[in-house]
Amino acid sequence: MAMMLFCLDEKRFQPTCILHAITLESSAVNKDLTIGREDRVIWAFTLPLLGSMIFQQLYNLADSFVAGKFIGQEALAAVGNSYEITLIFIAIAFGCNMGCSIVVSQLYGAKRMRDVKTAIYTTFVSVFVMVVVLSTLGLSLLKPLLRLIHTPQETFSDSVTYLRIYIYGLAFLFYYNIATGIFSAMGDSRTPFVFLVFSSTANIFMDILFVIVFKMGVRGVAWATFICQGVAGVLANLALVRRLRGIATDEKANVFDGEIFRRIVRVAVPSMMQQSFVSVGNIMIQSVINSFGAVVMAGYAASIKINNLVIQVIMTIGNGVSSFTGQNIGAGKLERVYKGRRAAMRFAFPTLAVVGLLLAFFSRYPLSLFMQSNAVDAMRVGQDFFKVVGFFYIPVAMKIITDGVIRGSGDMRSFLISTLMDLFTRVVLVFILSGFLGPMGIWISWPFGWLLGTALSLMFYTRGRWKTMRI
């Protein structure tokens, strides 16, 4: 699949076609988000991010789909079980992405191009060290971690196989995330979309090839992900290096800068913590859901897939607002930040109002995609979930878009407080209300957490600490 991207040069094969198309004119691709009509700028930037999100979901579903359909339920269980541990690595990679992208977006908005390059090189060096440490720890602690989450014996071997190959590819995971974050920080949301389309589509075909044709089982699923993520990671970073060569600076950038490293860490660490805590909280909620039996588990499993898709759309808009905020704060244009936030809300609110109402009253149709026709009780559980949460997507959008401003400014303390209070409230209420109201008590806990988190985010935004933040 990778060879499809290569062009024949007169003397050698080079990955020039896609790289040339993406990076030939960096000024035409890197977008200055500090000029132009705010609504047009933010949506021209955010739409490719939404496309990337859709293909990312496709990427995430492919392994489980192929494992369950063509290998068996034990393979599906092994891949699903491994996902809880991969979330740890994904959380750290996401933190690195946010730390670098927010710092770079502010420096790029301030037109400090030498510091932009220094920040990128500093991230490259730091991530190399982190990948070596995480790979060593991951391979050493792999089996103890699987025992810690009570992995059944019948799926233990496949889980070890899948995770070991996954850990081999950590460098690709981290450097791909870093590259896409940097492109977004420089106003280019198109390039990450191109690479994600390629890797997601290729992953499906590689899964089928390795599992159905070569009969490699779970090992084939893992190697398909490794190869596709690896090719996408290498090409993304080659494109990034090519892009950086087109950015002129008065002086040569430093390979590593301690002060810039500290700035990146101030954003990256809270992002890692937030993602890690969310994963732990979701595991705790899942444990309560499991106590109600297979029917509630099945109904929740189907409904949460749909709910997470809606939340991912909102979070993608929030990520676009973060990059927009970072560049404009770097340029000292606070008024554009206000207008950009309002533009994002004007699009999100009516869209989510329609989506929420459709899910509240007609959720049986999307739920049926994940359930058999005779799963009547599980269907009812999923419908009950959306009858509660479907009416609260607008407050969630308000929180996440407002968080985009707060996070884009670098005010990670406020962002972390509002997000963790949302999660903490939900987890506590799940344990309390489920004892009185059963599964319905679990669903009711969601809006309470969302509303508290929204109130805190709006309070932090109104207080305006984000206006004075500089990374």
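These numbers come from a predicted model, not from an experiment.

(A) Local environment of the overall build of the protein. Counting its secondary structure elements, the protein contains 17 helices and two strands. Among the 471 residues that make up the protein, the fraction classed as buried is 54%. Residue pairs in contact within the protein that sit at least 24 positions apart in sequence constitute 82% of those at least 6 positions apart. When the accessible surface of the protein is summed, it comes to about 21000 Å², and 66% of that surface belongs to carbon and sulfur atoms.

(B) Empty space enclosed by the protein, seen in detail. What the rule picks out here adds up to one cavity of 30 Å³ or more. Approximately 50 Å³ is the volume found for the largest cavity. Listing elements by their share of the lining of the largest cavity, those giving two or more residues are helix H6 (153-168) and helix H9 (217-245). Among the elements that line the lining of the largest cavity, the one with the most residues is H9, at four residues. Within the lining of the largest cavity, the residues separate by chemical class into five nonpolar, three polar and no charged.

(C) Broad picture of the nonpolar core. With 56 residues, the main nonpolar core has Phe 89, Val 104, Ile 120, Leu 170, Phe 174 and Leu 240 as its most contacted residues. At the level of elements, helix H4 (73-109), helix H5 (113-148), H6, helix H7 (170-185), helix H8 (190-213), H9 and helix H10 (258-290) are the ones that each hand at least two residues to this core. Judged by nonpolar contacts, the second largest core, of 51 residues, contains Ile 306, Val 388, Val 427 and Tyr 461.

(D) Main features of the packing of helix H15 (residues 393-409) against helix H17 (residues 439-463). The interhelical angle for the contact between H15 and H17, taken along N-to-C directions, is 35°, at an axis separation of 9 Å. Classified by chirality, the crossing of H17 by H15 is left-handed. Counting all contacts with H15, which are made through Tyr 393, Pro 395, Val 396, Met 398, Lys 399, Thr 402, Asp 403, Val 405 and Ile 406, the residues of H17 involved are Trp 450, Leu 451, Gly 453, Thr 454, Ser 457, Leu 458, Phe 460 and Tyr 461. Looking at side-chain class alone, the contact of H15 with H17 contains eleven nonpolar, four polar and two charged residues.

(E) Representation of H8 in the model. Here H8 contains 24 residues, and its C-alpha end-to-end distance of 34 Å stays within 8% of the 34 Å for a straight helix at 1.5 Å per residue. With its phi angle positive at about 55°, Lys 215 sits one or two positions after the end of H8.

(F) How the structure looks around H7. Between the first and last C-alpha of H7 there are 23 Å, a value that for 16 residues agrees with the 22 Å anticipated at 1.5 Å per step. When you tally the buried positions in H7, you get 14 out of 16 residues, the bulk of the element. Positive backbone phi, approximately 85°, marks Gly 187, located one or two places after H7.

(G) How the structure looks around the pattern of salt bridges. Throughout the structure, instances matching the rule amount to eleven salt bridges. Between Glu 38 and Arg 336 there is a salt bridge, with its nearest N and O atoms 3.4 Å apart. Here Arg 336 lies in helix H12 (residues 334-362) and Glu 38 lies in helix H3 (residues 38-70), a separation of 298 residues in the sequence. There is no split in this pair, since Glu 38 and Arg 336 are both buried.

(H) Representation of the packing of aromatic side chains within the structure. As enumerated under the stated definition, the model contains 15 aromatic pairs in all. Taken together, a centroid distance of 6.0 Å and an interplanar angle of 85° make the contact between Phe 361 and Phe 391 edge-to-face. Taken as a pair, Phe 361 in helix H12 and Phe 391 in the loop between helix H14 (376-389) and H15 lie far apart in primary sequence, 30 residues in all. Members of the aromatic cluster, each reached through a chain of ring pairs, are Phe 385, Phe 386, Trp 443 and Trp 446. A cation over a ring is seen here: Arg 341 above Tyr 461, with NZ or CZ 4.1 Å from the ring centre. Here Arg 407 stacks its cationic end above the ring of Phe 415, 5.4 Å away from the centre of that ring.

(I) Looking closely at unusual backbone geometry. Although it is not a glycine, Lys 111 sits at a positive phi angle of roughly 65°. Take Lys 111: it is sitting in the loop between H4 and H5. One non-glycine residue with positive phi stands out, namely Lys 215, at about 55°. Turning to its location among the elements, Lys 215 is positioned in the loop between H8 and H9. Classification of Lys 215 as exposed rests on a relative accessible area of 66%.

(J) View of the environment of Ser 323. When you line up the elements, Ser 323 lands in helix H11 (residues 294-330). For the pair formed by Ser 323 and Ile 182, sequence separation is 141 residues and the distance between their alpha carbons is 9.9 Å. Once residues within four sequence positions are removed from consideration, Ser 323 is found in contact with Leu 33, Phe 45, Ser 105, Ser 184 and Ala 185.

(K) The side chain of Thr 191, seen in detail. Within the secondary structure, Thr 191 is located in helix H8. Owing to a relative accessible area of 0%, Thr 191 belongs among the buried residues under this scheme. Within the local environment of Thr 191, its side chain forms a polar contact with the side chain of Asp 188, the two groups lying 2.5 Å apart.

(L) View of the packing of H5 against H7. Where H5 contacts H7, the axes come no closer than 9 Å and their chain directions differ by 155°. Judged by the angle between their axes, H5 and H7 are roughly antiparallel. Crossing angle aside, the handedness with which H5 passes H7 is right-handed. In this structure, H5 uses Ile 120, Thr 123, Phe 124, Val 127, Phe 128, Met 130, Val 131, Leu 134 and Ser 135 to contact H7, whose residues at the interface are Leu 170, Ala 171, Phe 174, Tyr 175, Ile 178 and Ile 182. Looking at the contact of H5 with H7 residue by residue, the class counts come to 13 nonpolar, two polar and no charged.

(M) Up close: the confidence of the model for the protein. Scored by pLDDT, the protein has a mean of 81; 85% of the residues are at 70 or more. The weakest mean pLDDT in the protein belongs to strand S1 (residues 7-8) at 38; the strongest belongs to H17 at 92.

Reading the values: the criteria
Residues numbered from 1 in each chain as written. Predicted model: local features only at pLDDT ≥ 70, side-chain atom pairs only at ≥ 80, totals over all residues. Heavy atoms only, no water. Helix = DSSP H or I, 4+ residues; strand = E, 2+ residues; numbered from the N terminus. Buried < 20%, exposed > 50% of the residue type's maximum accessible area, 1.4 Å probe, protein only. Contact = heavy atoms within 4.5 Å. Areas by Shrake-Rupley, 256 points an atom, 1.4 Å probe, with all protein chains shown as cover. 1 Å grid on protein atoms, 1.4 Å probe; cavity = no way out; pocket = protein on both sides within 12 Å on 5 of 7 lines; lining within 4 Å. Points joined across faces, edges and corners; volume = space filled by probe spheres on them. Nonpolar A, V, L, I, M, F, W, Y, C, P; charged D, E, K, R; others polar. Core = buried A, V, L, I, M, F, W, Y, C linked by side-chain atoms within 4.5 Å. Axes fitted to C-alpha atoms, helices over the stretch in contact; angles between N-to-C directions. Left-handed = near helix turned anticlockwise from the far one by under 90°. Expected span 1.5 Å × (residues − 1). Salt bridge = Lys/Arg side-chain N within 4 Å of Asp/Glu carboxyl O. Phe/Tyr/Trp six-rings, centres within 6.5 Å; stacked < 30°, edge-to-face > 60°. Lys NZ or Arg CZ within 6 Å of the ring centre and 35° of its normal. Polar contact = N/O pair within 3.5 Å; in protein donor to acceptor, adjacent residues only side chain to side chain. Parallel < 35°, antiparallel > 145°, perpendicular 65-115°, else oblique. pLDDT = per-residue confidence, 0-100.

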